[in-house]
Amino acid sequence: EAITVQELSKRMGEKGADLVKSLFNMGSMVTVNQTIDQDTAELLVEEFGHRIQRVSESDVEIDTEADVDPEETLKPRPPVVTIMGHVDHGKTSLLDALRGTDVVAGEAGGITQHIGAYQVKMKNGDKVTFLDTPGHEAFTSMRSRGANVTDIVILVVAADDGLMPQTIEAINHTKAAEVPMIVAINKIDKEGADPTQVRTRLLEHEVIVEEMSGDVQDVEVSALKKTNLDELMEKIHLQAELLELKARPDRAAEAIVVEAKLDKGRGPVATVLVQRGTLKRGDVFVVGSQTGKVRAMIDDKGAQPKEAGPSVPVEVLGLSGVPSAGDKLTVVENEARAREVAAYRAEQEKLQRTTQAPTSLENMFSAAADSAVEFPLLVKADVQGSTEAIVQALNKISNDDIKVRILHSGVGAITESDVTLAAASNAPIIGFNVRPNAKAREIAKRDGVRLKYFDIIYDLTDEIRAEMAGELGPEK
Ligand code: GDP
């Protein structure tokens, strides 16, 4: 049995970097993303003066990784889509326009409810779920909490404006999450619209659309004139088929909170997206460190369904308190069990806050699956020339065992968006002659994101090389 250094550090409540240092002193050169065997782990635990206690997590925790549904119980589920892009490129307009393509909305005569997500039924009967909060901040902050709800990203680029800074950020956030992308080239009705220019500029960011013989689907749309929306829906459907999205519907439900608030009349309410199982009225659940019993569910058309299956978004009433976006809702047998699990989660949360950024599963897996371990990084520099030079220099220091993966690089101060991306991917941020703004500094501190500042490229590559070898330099 093996465990990643990061997971172990989380369980011990010690800094990952300290464990790596100790391991180095013991003669093992590993990074936080790598796994160590049980014997080494035990040595390390003793080294830190901790007691070894092999608790079975399943005693108190319910959503263990071992809890996998057998293949034959899985049924196809609708894709969950997030729309990203630069401000004013038409994300909100497109969300509204796509909502209008729903064939049920007309029939049912229901009143549109803004619950944070909605589902559209296509003419062929297939469904697509859209998250109503556009942009990459929400997407990445959910991901940093381990909630990867998005299956497909639609990147909106206004054809009259082209690629802008947030477009590039959205591309990098999507790539870091390894979520497939569909490019919607919007505002083609406008004078000066130049879709070809958009496609060409996307090449610079390694987004090669079909028209350019790549495999990223693209479609020219107008959210305003409702042009080509069916075509966009068709492409989403196609992408979803490739992904073969499935979940087991006939089991106790697990869902992720996409939005939550305290409603004056109704008390705490949360919009959740069911990931597997079916959520039913009367179900007892834990959500984050809150408990509850489903008193009622309200869907995006104002109806009150008795149950909600995979990929269905519903607003849930009957919570003990307000959870956070990204929290997991899990149905349990009874209220006593709910309280027990909630208490355990509250304790875990406290522990995580005092230690480091939450473990992201994908880091653990990338370490195990690839032969070469990836070393993720973000680079911000004062001028474009420096950014390019640093990226080149860093790419050169990769070797067979470990390779640098630059999640995002850019010019200017370290921003909130940089920090959320770094936190989600457990990557340090390199600032070359730049510093974070106040908000970014605050989030970095909260989420335990490491910020490293340099003014000489040679120092930078030296330190990263050393760090890659498992020997962590002092944190600045
Ligand atoms: P967001 O900031 O990305 O959510 O962008 P919005 O949806 O708020 O759109 C920004 C502006 O662009 C609004 O004034 C929209 O009316 C306009 N807009 C959005 N889509 C289109 C389109 O397809 N054609 C034209 N001409 N204008 C559009």
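As recorded in an unreviewed UniProt entry, the protein goes by Translation initiation factor IF-2 and comes from Parasphingorhabdus marina DSM 22363. Checking UniProt for the protein, the heading Sequence similarities (unreviewed entry) contains the comment "Belongs to the TRAFAC class translation factor GTPase superfamily. Classic translation factor GTPase family. IF-2 subfamily."

Asker: Where do I start with the site of the ligand in this structure?
Answerer: Near the ligand lie 15 residues; those nearest to it are Asp88, Lys91, Thr92, Ser93 and Asp189. A distance of 2.7 Å separates an oxygen atom of the ligand from a polar backbone atom of Asp88. In the model, an oxygen atom of the ligand is placed 3.1 Å from a nitrogen or oxygen of the Asn186 side chain. Taking 580 Å² as the accessible area of the ligand by itself, protein coverage stands at 74%. Tallying contributions element by element places helix α4 (residues 91-99) first for the shell around the ligand, with three residues.

Asker: Please explain empty space enclosed by the protein as it appears in this structure.
Answerer: Applying the stated criterion across every chain, the model contains one cavity of 30 Å³ or more. As a volume, the largest cavity reaches approximately 40 Å³. Forming the walls of the largest cavity are Ile115, Glu259, Ala260, Lys261, Val269, Ala270, Thr271 and Glu315. Elements with a contribution of two residues or more to the lining of the largest cavity: β11 (254-263) and β12 (267-276). Looking at the lining of the largest cavity residue by residue, the classes come out as four nonpolar, one polar and three charged.

Asker: I keep staring at the pairing of β11 and nothing clicks. Help me out?
Answerer: Regular strands place their side chains on alternate faces of the sheet. Here β11 pairs with β12 via nine bridges, running antiparallel. Its bridge partner being in β12, Glu254 is matched across the sheet by Arg276. Hairpin connection, β11 to β12: the antiparallel pair is bridged by three residues. Where β11 and strand β18 (residues 328-332) come together, three bridges link them in antiparallel fashion. Opposite Ile256, over in β18, you have Lys328 as the bridge partner.

Here is what the cut-offs are and how they apply
Residues numbered from 1 in each chain as written. Predicted model: local features only at pLDDT ≥ 70, side-chain atom pairs only at ≥ 80, totals over all residues. Heavy atoms only, no water. UniProt positions renumbered as here; feature names shortened; annotations may be inferred. Near = heavy atom within 4 Å. Polar contact = N/O pair within 3.5 Å; in protein donor to acceptor, adjacent residues only side chain to side chain. Areas by Shrake-Rupley, 256 points an atom, 1.4 Å probe, with all protein chains shown as cover. Helix = DSSP H or I, 4+ residues; strand = E, 2+ residues; numbered from the N terminus. 1 Å grid on protein atoms, 1.4 Å probe; cavity = no way out; pocket = protein on both sides within 12 Å on 5 of 7 lines; lining within 4 Å. Points joined across faces, edges and corners; volume = space filled by probe spheres on them. Nonpolar A, V, L, I, M, F, W, Y, C, P; charged D, E, K, R; others polar. Pairing = 2+ DSSP bridges.

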